[in-house]
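Listed below are the residues making up each chain.
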Amino acid sequence: MRPVQRDDVRQLAKTWIDRARADALRSGEEPPPAVDGMPDEQRTHLFREAHYWHTLASGMFLEQSAPPRPTEANVRAMRAHLRACCEQLRSMMAARGELLPEGTREQLAAIELRVAGSLDLAEKAGPVWARDADAAWHELMLWARLLDYDPSHSTDAWVPEGWNDFAGLYLA
């Protein structure tokens, strides 16, 4: 993805005005003012449109709308991370014996089933990464944070590059 540069936006707006001026002169009409001579409101609108098209062309819309696909290494790291998290929670539950709130063990068991299903979807997606794999990975990202009792020991090797740029997740 290429960042949008102010000079690129200005050049595109200038190109549009130059073209409009040349077209008007060819057809014998009064040409619009040059960029520097335009009223502020008109220039602002023109620059806003030029910025919009550069932003679209740069890939920023897609990057902010579609989560980045995890690599095989991310998926392996996610599996290891969630396995370690669940093992730690089961160990902590064993140490507390029957002195935990009712439903604790059942909730963890249900979560582990969801995690296993989501990991299977992510691992088997292969080159075809569809919405169900996106949803599964999004859920895994949430579980990775929620189940991590001691996040100070986490390396976050399971976080795909660009995930924090993705606007659809607020916990990463």
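Source: prediction; values computed, not measured. (Residues numbered from 1 in each chain as written. Predicted model: local features only at pLDDT ≥ 70, side-chain atom pairs only at ≥ 80, totals over all residues. Heavy atoms only, no water.)

Caption draft 1: Focus on the overall build of the protein chain. Scanning the protein chain from terminus to terminus reveals six helices and zero strands. Along its sequence from the N terminus, the protein chain presents helices and strands in the succession α-α-α-α-α-α. Dimensions of the protein chain, computed from C-alpha atoms along their principal axes, come out at roughly 90 × 35 × 25 Å. Sorting the 172 residues of the protein chain into buried and exposed places 27% on the buried side. Considering only contacts within the protein chain whose residues lie at least 6 apart along the sequence, 66% involve residues at least 24 apart. With an accessible surface of roughly 11700 Å², the protein chain has 54% of that area assigned to carbon and sulfur atoms. Across the protein chain, the 20 positively charged side chains and the 27 negatively charged ones have centroids separated by 3 Å. (Helix = DSSP H or I, 4+ residues; strand = E, 2+ residues; numbered from the N terminus. Buried < 20%, exposed > 50% of the residue type's maximum accessible area, 1.4 Å probe, protein only. Contact = heavy atoms within 4.5 Å. Areas by Shrake-Rupley, 256 points an atom, 1.4 Å probe, with all protein chains shown as cover. Lys, Arg positive; Asp, Glu negative; His and termini not counted. Charge placed at Lys NZ, Arg CZ, Asp CG, Glu CD.)

Caption draft 2: Seen up close, helix α2 (residues 40-58). Relative to the 27 Å expected for 19 residues at 1.5 Å per residue, α2 spans 26 Å between its end C-alpha atoms, a close match to the ideal helical length. Among the residues of α2, those classed as buried are Leu46, Ala50, Thr55 and Ser58. Buried residues in α2 make contact with α1 (6-26) and α3 (60-65). (Expected span 1.5 Å × (residues − 1).)

Caption draft 3: Region of interest: the nonpolar core. By size, the foremost hydrophobic cluster in this structure holds 25 residues, and its most contacted members are Met78, Leu82, Val115, Trp137, Leu140 and Leu147. Beyond its immediate stretch of four places on either side in the chain, Met78 contacts Leu119, Trp137, Leu140, Met141, Ala144 and Trp158. With seven residues, the next largest nonpolar core counts Val9, Ile17, Met38 and Ala50 among its residues. (Core = buried A, V, L, I, M, F, W, Y, C linked by side-chain atoms within 4.5 Å.)

Caption draft 4: Structural context of the pattern of salt bridges. Counted according to the given criterion, the structure contains nine salt bridges. Here Asp23 and Arg26 are joined by a salt bridge, their closest N and O atoms 2.3 Å apart. Placement of the pair is Asp23 and Arg26 together in helix α1, with a separation of three residues, close to one helical turn. According to the relative accessible area criterion, Asp23 is partly exposed, its value standing at 35%. Arg26 gets classed as exposed once you look at its relative accessible area, which sits at 64%. With its nearest N and O atoms 2.6 Å apart, the salt bridge here joins Glu139 to Arg114. Taken as a pair, Glu139 in helix α6 (residues 131-146) and Arg114 in helix α5 (residues 104-124) lie far apart in primary sequence, 25 residues in all. (Salt bridge = Lys/Arg side-chain N within 4 Å of Asp/Glu carboxyl O.)

So far we have only geometry, and geometry alone does not tell us how the molecule works.
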